[in-house]
Amino acid sequence: MTHYLRLTGLLLATLLLSSCSLFGDDEEESEPKELVKFDSTVVIKRLWTTKVGGESEFLLVGLRPASDGNRIYAASQDGKVVAVDPANGKTSWKVDVETEISAGPSVGAGIVVVAGKDGHIIVLDAASGAEQWRVDIGGESLAPPLVQGEAIISQSIDNRLTSLARFDGRQRWELEQSPPVLTMRGAATPLLVGSTVVAGFDNGRLLAVNVDTGDIEWDSMLALPSGRSDLDRLSDIDGSIAIVGQDIYAGGYQGRVASVAAESGQVLWAREISTHVGVAADWNNVYTARDGGELVALSRLNGSDLWRNDSLLRRDPTLPVPFSTTVVAGDFEGYLHFFNNLSGVAVARVRFGKSAITSEPLVVGNQLVVQSDNGSIAAYVVVDAVPERTAPDISESADES
């Protein structure tokens, strides 16, 4: 495990050095793209904001809000877990699990689940926040666990998929894939599709696993490692996986964005697009952010380009997620950027605060719930009105929190 973490750290250092040399001495090309004014055609209103806990370190973690329809749940890296009323943001309960949290929360079957940096999976009662149990799975998780009926399924960064009994944390089964020599820091969130769990791994494979037995139903190579060096052969499947109908959508670093048949694992179409944030989808489109920050919308039917937008180059955008008639992504300066889902044209921009937004927003009904790295969450809605004047300058429109 120590060797694995050292290699991950080595990779991060290598990527930082390579990114500096990639752009040479041209400082303008290495700087985040400057934001420009535009005419807003959609009004975004903040409903409420609340504090969850302390700030996250400059380290990729899998902290993002979750909802069961009654409450919104969020967690902070310093161990706080909170449940809030989606109507007004008032706290229903708040607990301290007394360990750093690396992923979560997830919610389902009356429980809330978070993953501790120390390798523990911690289960709380959704109604009260009372701890029910915690179990050490022996590895850090960067993807929120999956709650499914009798099971809690967690994916750790050492390429293990572990199923725990819902009531007591007893291990039901475990599946392991051989990790490559080098890997990105991150993990794809497991997805339930019928009676199977679909998970992506650092070796570029997408697997469907029987939720009860752990048996592999199908194995699809989404991103085939290629190149001479270990760095060239990186093919991690990280970030979000999406499903619409019977089609699964996933993407990998230095690999492909692909549509895969849920029943067989057959690749229906694929595009050579490298992404570490994964994909989102609605009934018509598939959305992703390329590694450099370009946003891309593809046809769900055949993967053809629908639009691209390069306004967030080098701004570390989150996965763009569909919301109402827009697609929205956060960035490293705390801005939320809204684009028309059909054309990719910018339609609105608001600022949550000065802290980065590194996890994709959550859509709950007509609300957009966002968590920033300073340990705050907020809810936004689209207001059905068109402003009569040009959007104010960025410094004017910034909400400081």
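Residues numbered from 1 in each chain as written. Predicted model: local features only at pLDDT ≥ 70, side-chain atom pairs only at ≥ 80, totals over all residues. Heavy atoms only, no water.

Asker: How would you summarise the packing of aromatic side chains if you had to cite specific residues and measurements?
Answerer: Taken as a whole, this structure holds three aromatic pairs when the rule is applied. Taking 6.1 Å as the distance between ring centres and 45° as the angle between the ring planes, the aromatic pair formed by Tyr73 and Trp93 counts as tilted. Of this pair, Tyr73 sits in strand E4 (residues 72-75) while Trp93 sits in strand E6 (residues 91-96), and the two are 20 residues apart along the sequence. Each member of the pair, Tyr73 together with Trp93, is buried. (Phe/Tyr/Trp six-rings, centres within 6.5 Å; stacked < 30°, edge-to-face > 60°. Helix = DSSP H or I, 4+ residues; strand = E, 2+ residues; numbered from the N terminus. Buried < 20%, exposed > 50% of the residue type's maximum accessible area, 1.4 Å probe, protein only.)

Asker: Explain the pattern of salt bridges to me, and be specific about the residues and the numbers.
Answerer: Following the criterion strictly, the structure yields 17 salt bridges and no others. When the shortest N-O distance is used, the salt bridge between Arg300 and Asp247 registers 3.8 Å. Taken as a pair, Arg300 in the loop between strand E25 (295-299) and strand E26 (305-309) and Asp247 in strand E20 (residues 247-251) lie far apart in primary sequence, 53 residues in all. Salt bridges here are not isolated pairs; linked through shared partners, they connect Arg271, Arg290, Glu294, Asp305 and Arg308. (Salt bridge = Lys/Arg side-chain N within 4 Å of Asp/Glu carboxyl O.)

Asker: Describe the layout of surface pockets, and please don't skip the residues or the numbers.
Answerer: Each pocket or cavity is described by its volume, and for the second largest pocket that value is around 910 Å³. Where the lining of the second largest pocket is concerned, the elements lending two or more residues are strand E3 (66-67), strand E7 (101-108), strand E11 (146-148), strand E15 (191-193), strand E19 (242-244), strand E23 (279-281), strand E27 (321-323) and strand E31 (362-364). Here the lining of the second largest pocket is composed, by residue class, of 24 nonpolar, four polar and three charged. (1 Å grid on protein atoms, 1.4 Å probe; cavity = no way out; pocket = protein on both sides within 12 Å on 5 of 7 lines; lining within 4 Å. Points joined across faces, edges and corners; volume = space filled by probe spheres on them. Nonpolar A, V, L, I, M, F, W, Y, C, P; charged D, E, K, R; others polar.)

Asker: Account for the confidence of the model for the protein chain, naming residues and giving values.
Answerer: On average, residues of the protein chain carry a pLDDT of 86, and 82% of them reach 70 or more. Note that residues 1-25 has pLDDT below 50 and, in this model, 27 contacts with residues that lie over four places away or in other chains. Contacts for the low-pLDDT stretch residues 230-234, under 50 throughout, to residues beyond four places or in other chains number 20 contacts. (pLDDT = per-residue confidence, 0-100. Contact = heavy atoms within 4.5 Å.)

Asker: I'd love a proper account of the environment of Phe167, names of residues and values included.
Answerer: By the element assignment, Phe167 lies in the loop between strand E13 (160-165) and strand E14 (171-176). The spatial distance from the C-alpha of Phe167 to the C-alpha of Ile152 is 9.5 Å, given a sequence separation of 15 residues. Residues in contact with Phe167, not counting those within four places in the same chain, are Trp133 and Glu150.

Asker: Explain the pairing of strand E28 (residues 326-330) residue by residue, including any values.
Answerer: Extensive coverage of E28 is indicated by the burial of five of its five residues. The alternating pattern of E28 places Thr326, Val328 and Gly330 on one face and Val327 and Ala329 on the opposite face, and all of these are buried. Counting the residues that bridge the hairpin from E27 to E28 gives two residues, and of these Ser324 lies at a positive phi of roughly 60°. Inspection of the sheet shows E28 paired to strand E29 (residues 335-340) by five bridges, in the antiparallel sense. Directly across from Ala329, in E29, lies its bridge partner His337. Between E28 and E29, which pair antiparallel one after the other, the connecting turn spans four residues, and Gly334 there sits at a positive phi close to 85°. (Pairing = 2+ DSSP bridges.)

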